[in-house]
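# Architecture at a glance
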Amino acid sequence: MDSKVGKIHSIKPCALNNGPGARYTVFLEGCNLHCSFCNTPDSWSAEKGKEYTLEALFEDMQNYESTLRLSNGGVTFSGGEPLLQPDFVLSFFMLCKKNNIHTALATSGSILNDSVNVLLEWTDLVILDIKGFNKSFYKESVGCDLDTILSFLDYTQQINKRLWVRYVVIPGITDNPEEVSALSKHLANFKNLERIELIPFQKNCEYKWHEADREYTLQEIPAPSERELLKVLEIFYHNHLRVFIL
Ligand code: SF4
């Protein structure tokens, strides 16, 4: 894909949960994974989405620039998987940095290559979705190797990149105390990690799975209770990590 044209699933002009302050958040189309708990299965296909030129997207962002600046916010690229369109994101981030606008990348961390390395140089903050700490869960329910994600995590530390980690709490699936504890001990080694954000599992996107004609396997799983969320939060907290619930 041309670095001047991006395939976009949707845009939230002033989202409040995608990095510091208000964020012009661009959800790119296409994903290389197939998480069983995905709330945007309609973003998986790289064939869909609306094409935006770099200039058109930047011009649209500028309509909200004063709000972004007033809130100490900026621009976040998410998905889908934004690292599938690294050249477009890079071109956009270069424009942002020229205009002194903060840049964040919300990613699964499943792709690391030369283009991504360059993109990370222009990224102020990485928001990394870590979906569990269990190799077979990653393989079966996410669609990649846990080791790939851990290599990406290592790389953020190697380049001393500001890092937030997101973790979806799914009762009976990702809230196993031993696994959460092992993950939090692992994360405690990362000096570039500023915070963990816990996302309570929700089923409000189940209809998107049906619309996309995909089988949804989590219909029997409830949203976590406050108690279940706090148990996970305590484990991270116990390992001296700053934890927030979104
Ligand atoms: S990486 Fe994100 S967009 Fe892709 S399948 Fe997983 S949750 Fe969905």
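See the structure shown above.
Throughout what follows, the structure given in this document is the object of discussion. (Residues numbered from 1 in each chain as written. Predicted model: local features only at pLDDT ≥ 70, side-chain atom pairs only at ≥ 80, totals over all residues. Heavy atoms only, no water.)

### Re the overall build of the protein
Each helix and strand in the protein was counted, giving nine helices and nine strands. Taking 2.2 N^0.38 as the reference for a compact globule, 246 residues should give roughly 18 Å; the C-alpha atoms of the protein span a radius of gyration of 17 Å, in line with that estimate. Considering only C-alpha atoms, the protein reaches an extent of 45 × 40 × 35 Å along its principal axes. Counting across all 246 residues of the protein, residues that qualify as buried make up 52%. Pairs at least 24 residues apart make up 71% of the contacts formed inside the protein by residues separated by at least 6 positions. Carbon and sulfur atoms provide 48% of the accessible area of the protein, an area that totals close to 11700 Å². Where the 24 positive side-chain charges of the protein centre and where its 32 negative ones centre are 5 Å apart. (Helix = DSSP H or I, 4+ residues; strand = E, 2+ residues; numbered from the N terminus. Rg over C-alpha atoms; globule rule 2.2 N^0.38 Å. Buried < 20%, exposed > 50% of the residue type's maximum accessible area, 1.4 Å probe, protein only. Contact = heavy atoms within 4.5 Å. Areas by Shrake-Rupley, 256 points an atom, 1.4 Å probe, with all protein chains shown as cover. Lys, Arg positive; Asp, Glu negative; His and termini not counted. Charge placed at Lys NZ, Arg CZ, Asp CG, Glu CD.)

### Points about the pairing of strand E4 (residues 74-78)
With respect to burial, E4 is a largely interior element, five of its five residues being buried. In this sheet, E4 lies alongside strand E2 (residues 23-28) in parallel orientation, the contact comprising five bridges. Each bridged residue has a counterpart across the sheet, and for threonine 25 the counterpart in E4 is threonine 76. After leaving E4, the chain enters helix H3 (residues 86-98) and then returns to the sheet as strand E5 (residues 102-107), a path that is right-handed. (Pairing = 2+ DSSP bridges. Right-handed = clockwise from strand over helix to strand, strands pointing away.)

### Comments concerning helix H9 (residues 226-238)
Two residues of an α-helix separated by three or four positions point the same way, owing to the 3.6 residues in each turn. Between its terminal C-alpha atoms H9 stretches 18 Å, which fits the 18 Å expected from 13 residues at 1.5 Å a residue. Lining the buried residues of H9 we find strand E7 (162-169), helix H7 (177-187), strand E8 (193-200) and strand E9 (243-245). Histidine 240 sits one or two residues past H9 and shows a positive phi near 65 degrees. (Expected span 1.5 Å × (residues − 1).)

### Focus: helix H5 (residues 135-142)
By the burial criterion, the buried members of H5 are Phe137, Tyr138, Ser141 and Val142. Take H5 and look down its axis: the buried residues cluster within an arc of 105 degrees, on one side only. In H5, the exposed positions angled more than 90 degrees off the buried face are occupied by Lys135, Lys139 and Glu140. Buried residues in H5 make contact with strand E6 (125-129) and helix H6 (146-158). Capping the start of H5, asparagine 134 holds a side-chain oxygen 2.9 Å from the backbone nitrogen of serine 136, two or three residues further along. (Arc of directions from axis to C-beta. Polar contact = N/O pair within 3.5 Å; in protein donor to acceptor, adjacent residues only side chain to side chain.)

### Some details on the packing of aromatic side chains
Counted by the stated rule, this structure contains nine aromatic pairs. Look at tryptophan 44 and tryptophan 209: their rings are 5.4 Å apart centre to centre, the planes differ by 85 degrees, and that puts the pair in the edge-to-face class. Of this pair, tryptophan 44 sits in the loop between E2 and strand E3 (50-53) while tryptophan 209 sits in helix H8 (residues 206-211), and the two are 165 residues apart along the sequence. Assigned by exposure class, tryptophan 44 and tryptophan 209 land together as buried. Members of the aromatic cluster, connected to one another through ring pairs, are Phe58, Phe77, Phe88, Phe92 and Phe93. In this structure, arginine 195 is placed above the aromatic ring of tryptophan 164, and the distance from its NZ or CZ to the ring centre is 4.1 Å. Against the face of phenylalanine 244 rests arginine 195, its NZ or CZ located 4.0 Å from the ring centre. (Phe/Tyr/Trp six-rings, centres within 6.5 Å; stacked < 30°, edge-to-face > 60°. Lys NZ or Arg CZ within 6 Å of the ring centre and 35° of its normal.)

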